[in-house]
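As a plain string of letters, each chain reads:
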2 protein chains.
Amino acid sequence: MNEFSRQAGPLIAEVNITPIAITDPPLLNAAGLHAPYALRTVVELVTTDRISGISEIPGNISINADLESAKQIILGKDPFQLNRIKQELEHYFGSESASLRGDAPWDQRKLVHIFSAVEVACLDLIGKITNRPVVDLLGGKMRERVPFAAYLFYKHEGAGGKWEFKTDPAAEGWAAARQAKALDPEGIVTQAKEMCRAFGFQSIKLKGGVFEPQAELDALKALREAFGPDVPLRFDPNAVWKLETAIHYGKQMEGLLEYLEDPVRGQVNMAEARQELNIPLATNMCTTSFEDIPGSISLGSEDIILSDHHFWGGLRASMHLAQICNTFGRKLSMHSNSHLGISLAVMVHLGAAIPQPPYTLDTHYPWQSEEVIVGGRIPFEEGAVQVPEGPGLGVELDKQSLAQLHRNFLSCGLTKRDDQIEMQKIVPGWLFQQVRW
Amino acid sequence: MNEFSRQAGPLIAEVNITPIAITDPPLLNAAGLHAPYALRTVVELVTTDRISGISEIPGNISINADLESAKQIILGKDPFQLNRIKQELEHYFGSESASLRGDAPWDQRKLVHIFSAVEVACLDLIGKITNRPVVDLLGGKMRERVPFAAYLFYKHEGAGGKWEFKTDPAAEGWAAARQAKALDPEGIVTQAKEMCRAFGFQSIKLKGGVFEPQAELDALKALREAFGPDVPLRFDPNAVWKLETAIHYGKQMEGLLEYLEDPVRGQVNMAEARQELNIPLATNMCTTSFEDIPGSISLGSEDIILSDHHFWGGLRASMHLAQICNTFGRKLSMHSNSHLGISLAVMVHLGAAIPQPPYTLDTHYPWQSEEVIVGGRIPFEEGAVQVPEGPGLGVELDKQSLAQLHRNFLSCGLTKRDDQIEMQKIVPGWLFQQVRW
């Protein structure tokens, strides 16, 4: 029998919150246009014995202030005591912070957002303390590589940052396609081909809700024509369609799409569309929290939930969601916002641990050009990312890059994401409409 | 920045499966009578670097054989790779093993049963490898002590093993009450008083389904009379009542009970009873697996789920269940069979980690007199058990006691639990009926 001594583990001694701005191309969506910079916030927890745990969340001035005020709860805590930390954050921010969210797909509930930042950084710490990758803290790897989908966007000319393709000649085409405008089926097909060539993606998602439905249907048909019958296609008009529109165009997408994401707004409309259409429906808009699950189950609002650890409150919560999906016959995929390698690594650890094989995950990663981790951009092979091998997340902060991206944040003048204002710079008077067509 | 090297961790090098028989008093329930011995199986996993991880499950000849044949999957595995081990066990035993169970409350689905044994022992290993208590692997402690309920049984004379009360004079009364018959309200009240005095329990559960309903209602009224208005009472007739009986007697238990457990059989009947009665209904019979959850939600079959890590497939699965309960407005308690200190320690780690405070947990522990862990019987304070502090489960196998209890198993001649056969020794021709009154 081995002897074990009970040790107090290291405690959280520093909470470093660094808002950063990363260059972002002028991508279009139902809510408007991406600004030249996407805001992220990098959280670093440092323990009493100088171990560093990190996370990355969508940033804005309000969440940064909330994180600052959450320091008083986080400091001095044992990173293993996540149940307790969550409870204290719930008490501190109040239970309504768990349930309120805005209308845009990226609007976050405060509590899950903050807890996700803290939990992921703590799991990174726990992994380093125990010398295990984060995936092992979630029950271990079900797969060595986690596959992603090519995430296509209608866009204006411009790349928002130089693409550094290093050793991979396939990425040269992507550098051009990433720079080019894509406002019609031809542009989308070129974008898709170059993105798939550079990253090896084997399934494709088009973000829609930008043009009237027929134009976007034409783009999907052009993709099918260009890629042949076997490449899974998905389409996401971000709930900007009326129910009748969704039924009319959804019927024409039967057999064309692997799944149709958020054709309409709200669980009731989604459930009605689902009754009418012979095509799996996915969501990251109508079922985005545990509070939404009972409605999802009673109404039958979707077939596939696009989880997102930033939205759902971390990795253990995402594993709970996976069990709920398994229990109720939902499938899983994963949602993404513009992000860097910390979030990518987290998605890969989670994607590797989920018992049921998820659909290939969404990622904006090919649209970003910068990095904040040591070693630079994470490589894709055949559209998949290898699970990092080191302890914790297996990625570490590049402090110089972090400082540079923080300077970007200070100089860019943005304080929160507002795609409507960006759109108005190009189309004066343009207004976001919850339902447009 | 610390430097971390990627190490291969220890692998599982030995699987020791030891059936044991523990003396058990002649407790009555709807399915008959407890035999003089309850069968448990102790599983010990030993790693390549001689770390030992343990678990304890309800034993029978069939599950022991299945565990033996599962060795080929478990041996050589990294104990962190639990997702993969579960998948391989699923493939090996076939998916139907996950869903079949018998009619008795203790009937187990094979897969969850075996995986629970393996997972708990692996979490014990992981805790020892990382020098952390198992509760910390589940997100950490929400409470320092986990409270249990006094679990009363109608019983015949006899204790099945000597009660060793050591230093605690309060336990002397319990030694006598544990020995005494309890076949009427007076006997039940005496049993309750002595059990509460010895262990400090502050809530009470009576196992019913033994006598006709009025007799058991009289016992509940006697308990209320004896303990005053503030001690929570629960009652479990193990689904042996007709729906009309449940409604008739359930109405008389409104205001008397904290909850009524399994008055009727099956989710449909439970949902109907729940419509009629103004009293929370609990179950460990109609909703006992993730496969049962959709029916539970659509029918509304209970208010409280008595989880059991042996039934639900381990501790992470039990944490998933806790999230599901939280999501759908179910409360949690915990079910028990006759057990020793390994299972008790596991229940305490889990009970401490569950975010929402559960109802006080069930335990048969006061009815057992033996132990299989170093240091002997685990103490209760005010009806609660302190979360063990050591790494892993914080309890270790006493190899001498294990050998003795294994000899009991070999000599007792029992191969599976059969309360009907035991009952027939006293009441010739007695037959179990699913619904009796």
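Residues numbered from 1 in each chain as written. Chains lettered and ligands numbered in written order. Predicted model: local features only at pLDDT ≥ 70, side-chain atom pairs only at ≥ 80, totals over all residues. Heavy atoms only, no water.

Attention shifts here to the packing of aromatic side chains. All names here are of chain B. On inspection of all chains with the given rule, the structure shows 31 aromatic pairs over all chains. Arranged with centres 6.1 Å apart and planes meeting at 90°, the rings of Phe153 and Trp367 form a pair that is edge-to-face. Note that Phe153 is positioned in strand E7 (residues 150-153) and Trp367 in the loop between helix H14 (341-353) and strand E14 (384-386), a separation of 214 residues in sequence. Ring plane angle 90° and centroid distance 5.4 Å describe the contact between Phe199 and Phe380, whose orientation is recorded as edge-to-face. Taken together, the positions of Phe199 in helix H7 (residues 185-199) and Phe380 in the loop between H14 and E14 put the pair 181 residues apart, joining distant regions of the chain. Taking relative accessible area as the criterion, Phe199 reaches 8% and is therefore assigned buried. With a relative accessible area of 11%, Phe380 lands in the buried category. Of note, Arg377 hangs over the ring of Tyr365, and the distance from its end group to the ring centre comes to 3.8 Å. Residue placement shows Arg436 over the ring face of Trp437; its charged tip is 6.0 Å from the ring centre. (Phe/Tyr/Trp six-rings, centres within 6.5 Å; stacked < 30°, edge-to-face > 60°. Helix = DSSP H or I, 4+ residues; strand = E, 2+ residues; numbered from the N terminus. Buried < 20%, exposed > 50% of the residue type's maximum accessible area, 1.4 Å probe, protein only. Lys NZ or Arg CZ within 6 Å of the ring centre and 35° of its normal.)

Moving on: the relation of the copies chain B and chain A. Rotating chain B by 180° and translating it 0.0 Å along the rotation axis places it on chain A, where the RMSD comes to 0.0 Å. The relationship between the two copies is best expressed as a two-fold rotation axis. Both copies share a contact surface, since 100% of the interface residues of chain B are interface residues in chain A too. (Least-squares fit on C-alpha atoms with pLDDT ≥ 70 in both. Contact = heavy atoms within 4.5 Å.)

Residue and element names in this part refer to chain B. Inspection of the entire model under this criterion finds 46 salt bridges over all chains. Across the pair Glu382 and Arg145 runs a salt bridge, and its minimum N-O distance is 2.9 Å. Of this pair, Glu382 sits in the loop between H14 and E14 while Arg145 sits in strand E6 (residues 145-147); the two residues are 237 residues apart in sequence, bridging distant segments of the chain. A relative accessible area of 52% places Glu382 in the exposed class. Two residues, Arg197 and Glu194, come together in a salt bridge whose shortest N-O distance is 3.3 Å. (Salt bridge = Lys/Arg side-chain N within 4 Å of Asp/Glu carboxyl O.)

Once that is clear, we can look at the pairing of strand E5 (residues 52-58) of chain B. With respect to burial, E5 of chain B is a largely interior element, seven of its seven residues being buried. Here strand E4 (residues 37-47) of chain B folds back onto E5 of chain B in antiparallel fashion, the turn holding four residues, of which Arg50 of chain B has a positive phi close to 65°. (Pairing = 2+ DSSP bridges.)

Evaluated as defined, the whole model comprises eight cavities of 30 Å³ or more. In this structure, the largest cavity encloses a volume near 120 Å³. Lining of the largest cavity is provided by 13 residues; of these, Leu137 and Arg316 of chain A together with Ile126, Leu137 and Arg316 of chain B occupy positions nearest its centre. Ranked by residues supplied to the lining of the largest cavity, first place goes to helix H4 (residues 110-130) of chain B with three residues. Of the residues that constitute the lining of the largest cavity, the class distribution is seven nonpolar, two polar and four charged. (1 Å grid on protein atoms, 1.4 Å probe; cavity = no way out; pocket = protein on both sides within 12 Å on 5 of 7 lines; lining within 4 Å. Points joined across faces, edges and corners; volume = space filled by probe spheres on them. Nonpolar A, V, L, I, M, F, W, Y, C, P; charged D, E, K, R; others polar.)

Take the interface of chain B and chain A next. Between chain B and chain A, the contact holds 46 residues from the first and 46 residues from the second. When chain B packs against chain A, close to 4400 Å² is buried across both sides, 51% of that on carbon and sulfur atoms. There are two salt bridges connecting chain B and chain A. Arg132 of chain B is the partner of Asp78 of chain A in a salt bridge, and the nearest nitrogen-oxygen pair spans 2.7 Å. At the surface where chain B touches chain A, the tally comes to 23 residue pairs in polar contact (both at pLDDT 80 or more). (Buried area = accessible area lost by both parts, 1.4 Å probe. Polar contact = N/O pair within 3.5 Å; in protein donor to acceptor, adjacent residues only side chain to side chain.)

Turning to helix H9 (residues 243-253) of chain B, a few remarks are in order. Residues and elements named next belong to chain B. For H9, the full list of buried residues reads Leu243, Thr245, Ala246, Ile247, Tyr249, Gly250 and Met253. Where the residues of H9 are buried, they touch helix H8 (213-227), strand E9 (233-236), strand E10 (259-261) and helix H10 (267-276). Just past H9, the residue Gly255 takes up positive phi, approximately 85°.

Now for the side chain of His113 of chain A. Tracing the backbone through its elements, the reader meets His113 of chain A in helix H4 (residues 110-130). A polar contact of 3.1 Å, which involves the side chain of His113 of chain A, links it to the backbone oxygen of Pro58 of chain A.

Let us look at the sheet that holds E5 of chain B. Residues and elements named next belong to chain B. One open sheet accounts for three strands, arranged E1-E4-E5; its pairing is antiparallel. Each having just a single partner strand, strand E1 (12-23) and E5 make up the two edges of the open sheet. Within this sheet the neighbouring strands show an average axis-to-axis angle of 20°, counted without direction. As judged from the seven bridges shared by E4 and E5, these two strands associate in the antiparallel manner. Bridge pairing links Thr41 to Ile57 in E5. With respect to the sheet, helix H1 (residues 61-74) is in contact with E1, E4 and E5, its orientation differing from that of E1 by roughly 170°. Relative to E5, H14 is tilted by about 100°, and along the sheet it contacts E4 and E5. (Axes fitted to C-alpha atoms, helices over the stretch in contact; angles between N-to-C directions.)

This brings us to the environment of Pro280 of chain B. Residues and elements named next belong to chain B. Of note, Pro280 is situated in the loop between H10 and strand E11 (281-283). Along the sequence, Pro280 and Glu302 sit 22 residues apart, while their C-alpha atoms lie 7.4 Å from each other. In this structure Pro280 touches Glu258, Tyr259, Leu260, Asp303 and Ile304, once residues within four positions along its chain are discounted.

A few words now on the sheet that holds E9 of chain B. Residues and elements named next belong to chain B. Spatially, the seven strands line up as an open sheet ordered E7-E8-E9-E10-E11-E12-E13, and their pairing is parallel. One side of each edge strand has no neighbouring strand; the edge strands of this open sheet are E7 and strand E13 (331-334). For this sheet, the mean inter-axis angle between neighbouring strands, taken without regard to orientation, is 25°. Pairing of strand E12 (residues 304-307) with E13 involves four bridges; the strand directions are parallel.

Put simply, helix H13 (residues 315-327) of chain A and helix H13 (residues 315-328) of chain B touch, their axes get as near as 9 Å, and they point 75° apart. Between H13 of chain A and H13 of chain B, the interaxial angle falls into the category roughly perpendicular. Across from Met319, His320, Gln323, Ile324 and Thr327 of chain A in H13 of chain A, the residues of H13 of chain B making contact are Met319, His320, Gln323, Ile324 and Thr327 of chain B. (Parallel < 35°, antiparallel > 145°, perpendicular 65-115°, else oblique.)

The next point concerns the packing of H9 of chain B against H10 of chain B. All names here are of chain B. Running from N to C, H9 and H10 point in directions that differ by 30°, and their axes come no closer than 10 Å. Relative to H10, H9 is oriented roughly parallel. In this structure, H9 meets H10 at a crossing whose hand is right-handed. Together, Leu243, Ile247 and Lys251 of H9 and Asn269, Glu272, Ala273 and Glu276 of H10 make up the contact between the two elements. Partitioned by chemical class, the residues of the contact of H9 with H10 number three nonpolar, one polar and three charged. (Left-handed = near helix turned anticlockwise from the far one by under 90°.)

Attention now moves to unusual backbone geometry. Positive phi, normally seen in glycine, also occurs at Asn131 of chain A, with a value near 60°. Mapped onto the elements of the fold, Asn131 of chain A is located in the loop between H4 and helix H5 (134-137). The class for Asn131 of chain A is buried, based on a relative accessible area of 16%. For Arg50 of chain B, which is not a glycine, the phi torsion comes out positive at approximately 65°. Looking at where Arg50 of chain B falls in the secondary structure, it is placed in the loop between E4 and E5.

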